[in-house]
Amino acid sequence: MTSHTTIRPNVLFILADQHNAKVLGHAGHPQVRTPNLDRMAAEGVRFANAVCQNPICTPSRMCYLSGQYAHNHGYYGLNGGRPNGLPTVLGHFRRAGYRTSAIGKIHCPENWVEDDSDVFHETCGCSIGGRSKEYESFLASRGKLELEDHVLLTEFGTAGTQSMEGRPSPLTFDESQEGWIAARTIEFMKQCADAGRPFFAHASLPRPHQCTSPSEPFWSLYEGVDLTLPPNADCDLEGGRQAPNLIRTAQQWREGNRALFEPKTFEALRLRKLRGYFGAVSQVDHAVGQMLDFLTATGLAENTLVVYGADHGEYACEHGILEKAPGICHDSVTRVPFLWWAPGRFRAGHTVSEIVETVDTPVTLARLAGLDPMETADGKDLSPLLMGGTGDPERLGITEFPWSRSVRKGKFRLVWYARDKFAKDYPQGFGELYDLEDDPWEMRNLYFDPAYRATVEELRGELLDWLVRTSRPATVLQVSRNLGPGADGRRVLRHTTWHDSDGKFSPDAILANAESNYV
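Residues numbered from 1 in each chain as written. Predicted model: local features only at pLDDT ≥ 70, side-chain atom pairs only at ≥ 80, totals over all residues. Heavy atoms only, no water.

### Some details on the state of the cysteines
Quick reminder of the rule: Two cysteine sulfur atoms form a disulfide, by the criterion used here, when they sit within 2.5 Å. Burial classification: accessible surface area is computed with a 1.4 Å probe over protein chains only, and a residue below 20% of its type maximum counts as buried, one above 50% as exposed, and the rest as partly exposed.
Overall, the coordinates contain 0 disulfides when judged by the stated rule. For C211, which is in no disulfide, the shortest distance to another cysteine sulfur is to C124 and amounts to 11 Å. A residue is classified by how much of its surface remains accessible, and C211, at 0% relative accessible area, is buried. Here C329 is not cross-linked by a disulfide; its sulfur's nearest cysteine counterpart is in C235, at 12 Å.

The following block contains the structure:
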C-alpha cells in the first residue's frame, strides 16, 4: 500500500452554523452529548482558542473559504454579487486535480462557490438559485416537503419564523438537512474513491442555528434533564457595564412575546430553546459521526484530512440572549469549535491553547496537501501546531464588524467601537475589555477601570497596527514590478505590475518594499 505521506490527501471540511464552543462534551459541558466530536478531539487536535473573523454567516464563510479577512474581501452582509477574482479553497484544490463538492447551507455570494464545485447543493435556499431541487424532490417523495423546519416552525406559519422555541422535528434524521447532507457527501466521497480521484468535500450543516427543532432521537435525548443555564444567564448587565445594544436586546427577549408554547414565560422559553439547541448540537454530532464512520470503514480515513468548525458561535442563553445577536460583544460568538482529525498524521489528543483564526484553514490545508500556497490568503500555516508544536503566544484573534472590532490577545479580549456608535449613552466613547482567565463568562467589563487603561491602549494600538499591516490595497506606489506570477501562478500582469488574482496587493509584497518612502 502506498504511504499516505507520498500521495495527496483527501479533504472533508465540515462547517456547522452557530455552534457555541463551550457546548461540547470535551470542552467540559456537563450535559450536552457529542461523542463523535469528542472522538475527533481525542484522536486529532483541538484548537481551544479559535477565533472566527466575522460574527454572521456569509462574511465568516467567505473568510473560511478564501482565507481573507473581511476588511479585504469587503463583505459584511448576508448577500452580494460574485467577488470576481477572489479564489476559493475549493477552486484551488480543483485546479490541482481534485474533485470538489459543496453541499448544505453554503450561504455565500452568487456563483462564487458554485463555479468551483463539481457537485453543488444549497439545502437552505441561502444561495442564488434557491434550495437544491434534489433535496426538495427527496422530501416530496416522502410527503415531507412542507414540513421542513430549519427556518420555520411550520405549524405557526409566519409566527414561527426564526423562532427560538424548541420542539421535536416532524422529519426523521435521514430526512433532515443534516442527514441528507451527510448521506450526499458520503455518496460523493465514495464516487471519487471508486474513480481513483482525490476529493475536497465541503459539508455545511445548518444546525444548531435556529429553529431549534432537532429530529428524534435527539430531542428526547434531553427528556427529563434538569438543564443547567450558563452562569451569566441572569448577570447584572447594567452593573457589568455591558454594551447598550446588548442590554436592549436582552430586555427585548425578556419583555417580548416570543414564546409559542405553554408556559409562555421567558424562563420556560429559554429552557425549551436550550433543550432544542443541545439536541441540534447532538444531531450535528451524529451527522459528523456518519461521515467519520464511512471514512474509517472504507480505509479512506488514513488519507483524509477532516476539519470541523463553525461560522460563528451563539449566546445559548448567556447574558439573557437566545441567539447570536448582537454578536461581537462576547466570546460566546467570536470563539468557535475547531477540530482537525487525520489518523496517523497529527498528534492525537493534542489541545492547542494559542490563538488561531479561521482564515488559517485554506493555508493549512494547502500546505498539508502539498499544494502551492494561495497568494490571496491572509491566514497562517497551522501544520506545526497539528504535529504538537507550539504557536505564537502574542498572536491576535480578530473578529470584524463594520463599526466595531474584537481583538483577542492572550487572556484579554477588547471590543473597539467607533465613537459615534453609542454617542447618546457614551459621548466620550464606549468599549469592552474582559479578562478571560479571571472572568471566562465575561460579566465584568474592565474598559472603564483606570487600572486597565494601559491594557486598553496596548490592544487598541495592536488592532490599529494589524488593520494597517493586513490590508490589501488595489494600487501601491513603488511596489516591486518584479513579483512574478506567484507560487500558484494566479497573479496577473496589469500594465507593468503584477497583482494577485483578486486585483489587490498582498501585505507581503508591500512589506518587501517597506524601505520605500512611498509605502
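We are not done yet, so read on.
### Some details on unusual backbone geometry
Here is the rule: Helix and strand definitions follow DSSP, with helices as H or I runs of at least four residues and strands as E runs of at least two, each counted in order from the N terminus.
Omega for the peptide link from R207 to P208 comes to 10 degrees, which places this bond in the cis form. As for its position among the elements, P208 is in strand β6 (residues 199-208). The phi torsion at H107 lies on the positive side, around 55 degrees, for a residue other than glycine. Relative to the helices and strands, H107 is located in the loop between β4 (99-104) and β5 (119-122). Phi is positive for H319, close to 55 degrees, though the residue is something other than glycine. Relative to the elements of secondary structure, H319 occurs in the loop between β7 (304-310) and α9 (331-334). Here H319 falls in the buried class, since its relative accessible area comes to 2%.

### With respect to the layout of surface pockets
For the record, the criterion: Using a 1 Å grid laid over the protein atoms alone, points where a 1.4 Å probe fits but cannot get out form a cavity; open sets with protein on both sides within 12 Å along at least 5 of 7 lines form a pocket; any residue with an atom within 4 Å of a point counts as lining. Grid points are joined across faces, edges and corners, and a volume is the space filled by probe spheres set on the points. Residue type decides the class: Asp, Glu, Lys and Arg count as charged, Ala, Val, Leu, Ile, Met, Phe, Trp, Tyr, Cys and Pro as nonpolar, and the leftover types, Gly among them, as polar.
Approximately 470 Å³ is the volume found for the second largest pocket. Residue lining of the second largest pocket: 26 residues in total, with A21, K22, A27, R335 and W441 positioned closest to the centre. Partitioned by chemical class, the residues of the lining of the second largest pocket number 15 nonpolar, 5 polar and 6 charged.

### Observations regarding the nonpolar core
Note the following rule: Put simply, a nonpolar core is a bunch of buried Ala, Val, Leu, Ile, Met, Phe, Trp, Tyr and Cys residues held in one set by side-chain atoms that sit within 4.5 Å of each other. Note on contacts: a residue pair is in contact if any heavy atoms of the two residues lie within 4.5 Å.
Core analysis: the largest hydrophobic core is formed by 43 residues, its most contacted members being F47, F93, F200, F338 and W340. Here this core gets 5 residues from one element, more than from any other, and that element is helix α10 (residues 360-369). Once you skip the residues sitting within four places of it in the chain, F47 turns out to touch F338, W340, V352, V356, L382, L385 and L386.

### Digging into the environment of E400
Going by this rule: Counted as a polar contact is a pair of N or O atoms within 3.5 Å, where, for protein atoms, one must be capable of donating a hydrogen and the other of accepting one, and residues adjacent in sequence contribute only when both atoms are in side chains.
When you line up the elements, E400 lands in strand β12 (residues 396-401). E400 sits in the buried class, given a relative accessible area of 0%. Counting along the chain gives 120 residues from E400 to A280, while the straight-line C-alpha distance between them is 27 Å. In this structure the side chain of E400 is engaged in a polar contact, spanning 3.4 Å, whose partner is the side chain of Y76.

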